[in-house]
Amino acid sequence: MASIQDIQNEIVEEFAMFDDWMDRYEYMIDLGKSVPVIDEQYKTEDNIIKGCQSKVWVHADLEEDKVKFSADSDAIITKGIIAILIRAWSGQKPADIIAADTAFIDQIGLKEHLSPTRANGLVSMIKQLKMYAVAYQSQLS
Amino acid sequence: MLDIQKIRADFPILNREVNGRPLVYFDNAATSQKPQQVIDKIVEYYTLYNANIHRGVHALSQEATDLYEEAREKVRAFFNIPQAKQVIITSGNTHSINAVASGAHVFVKKDDEIIVSAVEHHSNIVPWQMLCERVGATLKVIPVLDSGELDMQAYEGLLNEKTAFVVVNHVSNALGVTNPVEEIIKGAHEHGAMTLIDGAQSCGHMKLDMQALDADFYTMSGHKMCGPTGIGILYGKEEALNALPPYQGGGEMIDQVTFEHTTYAGLPHKFEAGTPNIAGGIALGAAVDYLNELGMDNIAAYEHELLIYATEQLKAIEGLKIYGDVVNKAAVISFNVTTLHPYDIGTIVDKLGIAVRTGHHCAQPVMERYSIPGTVRASFAFYNTKEEIDIMVQALQRAVSMLS
């Protein structure tokens, strides 16, 4: 499995192929449509992160020493960004997820979606992904 | 007839670009833009008159007080309020509602009922829920029909001898529907209940006559009628305001203070504790002048024309559904396109320079009523144009094709 950094660099390169925002958004929307959605049984009130604008569901499992994330959103643009994050962070070791940052989202021109005032649930989702990683890390050690 | 190009020249922000495109501002229900005349008034106040009011004998304080009280008088005349002392200057519409709700235990007793409508925004629900908890009263809700109109038959059924207060917005912020407030006030009064009408969405868009309307309290938002933020109005009938205890204690709201007992100042000062938003109040006066210059009837007629045009154009988009598609409404259109999420649509059209509101509009019960996560809301003002509506419609079509 490639490292988080390698995957993030790969994503940045992919997005660099597009000159204008519309193509970037179209690509992101396509990614959102193709993301493995969360298993219906995990789409519960407990797993929901309520933004003012869109809802996000997150689920995590520990498989051996790696964390597997799945997530979903009712808004497709939010889901596209989730897809990007999960591609980079899912299947990685808890310690690496804890150390990861979201600067690559800025680099691909989607920074505005991670603004806390955007209220789409993404900022809380990232916090949640990190918290799962912290919890699994303490289980492993 | 309004000269829209001339009017647009008064609003410097309309020259701005957003995401590389000329701004199309259709979020007027959230806040209106400000004409240069209002902006200049704020600068002029701090440049020439800044002083605390109602307390100094020096010339600056006197001049600032005069300007502030002139603004109050302008507001009085604008809404046909009998006396200037019935114009309470607050920090905004929410403050105005809370000022009444927090003292309304003098009107609402244990086991009484307060009636609100199903189309209220949170500002006109929560303060009344808090009052109910405090006094042991019950909140009753006028249901909304599929059309977005209030179920007036149900309202009649809710009224009884326990009804102590009826609170309804004049225009729903989430749907734009104008509620039959005259009839609602009349019904409440027939049962001896007090009334508060939330005018946040009506005050800059239609001619309002407080004496004709006959509400006991009416609340207005300054920043939604071309004034600055942080300023609002509470109107009340004189006897209602006299009966209402003060909301906050402090300077300016007192008559005599000793450690044993304090007597309160008369109206309006009883409700205006502390140093007010002086610049905001004076600038609100300038906003009133500006609206008067254009004429509220002209504004209402032109905004209605925009509403009709936009409704027609939007309906041409396949799968677009308007919530609150009725005749009697303000220039606000709340809609969804098929099952697309409003957040997605809002994000794409923002990229195209268009400011619309998306989400639940701080009125979650309304969204629940229609079982939707939210809507896209386009709300117009007199400085908007049909060309801008065309730009929005094109942007929406683009968003739909990207997202579907």
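Throughout this document, residue positions are counted from 1 along each chain, in the order its sequence is written. The naming scheme follows written order: chains are lettered A onward, ligands numbered 1 onward. Per-residue local features are limited, in this predicted model, to residues with pLDDT of at least 70; the limit for side-chain atom pairs, both in listing and counting, is 80 or more; totals at the level of whole chains, interfaces and linings are taken over all residues. Only hydrogens and water are set aside; all other atoms, that is, all heavy atoms of the structure, feed into the side-chain values.

- Per an unreviewed UniProt entry, chain B is named Probable cysteine desulfurase, and its organism is Nonlabens ulvanivorans.
- Per UniProt, the comment on chain B under Cofactor (unreviewed entry) is "pyridoxal 5'-phosphate".
- UniProt positions are given in the numbering used here, feature names are shortened, and annotations may be inferred rather than shown by experiment. The Function (unreviewed entry) comment attached to chain B in UniProt states, word for word, "Catalyzes the removal of elemental sulfur and selenium atoms from L-cysteine, L-cystine, L-selenocysteine, and L-selenocystine to produce L-alanine."

- As annotated in an unreviewed UniProt entry, chain A is Cysteine desulfuration protein SufE from Nonlabens ulvanivorans.
- Under the UniProt heading Sequence similarities (unreviewed entry), the note attached to chain A is "Belongs to the SufE family."

## Some words on the interface of chain A and chain B
How big an interface is tends to be stated in terms of accessible area lost as the parts join.
Okay, step 1: Counting from both sides, the interface comprises 18 residues of chain A and, opposite them, 15 residues of chain B.
Okay, step 2: For the pair chain A and chain B, the summed buried area comes to about 1,600 Å², and 59% of that belongs to carbon and sulfur atoms.
Okay, step 3: A pair is scored as a salt bridge if a Lys or Arg side-chain nitrogen falls within 4 Å of a carboxyl oxygen belonging to Asp or Glu. Across the pair B:Lys351 and A:Glu112 runs a salt bridge whose closest N-O atoms are separated by 3.5 Å.
Okay, step 4: Note on conventions: DSSP H or I runs of at least 4 residues are helices, E runs of at least 2 residues are strands, and numbering of each starts at the N terminus. If you list the elements that add at least two residues to the side of chain A that touches chain B, you get α2 (21-34) and α3 (76-89) of chain A. Residue contacts are counted whenever heavy atoms from the two residues lie within 4.5 Å of one another. By definition, the buried area sums, over both parts, the 1.4 Å-probe accessible area that each loses when the two are put together.

## Quick look at unusual backbone geometry
Residue and element names in this part refer to chain B.
Okay, step 1: For the peptide bond that leads from Leu267 to Pro268, omega is -5 degrees, which places it in the cis range.
Okay, step 2: You can see Pro268 is positioned in the loop between β12 (262-264) and α10 (278-294).
Okay, step 3: A positive phi angle is found at Asn80, which is not glycine, with a value near 50 degrees.
Okay, step 4: Mapped onto the secondary structure, Asn80 falls in the loop between α3 (59-78) and β4 (87-90).
Okay, step 5: For Asn80, a relative accessible area of 29% gives the class partly exposed. Exposure is judged per residue with a 1.4 Å probe applied to protein chains only, and the accessible area is read against the type maximum: over 50% gives exposed, under 20% gives buried, and values in between give partly exposed.

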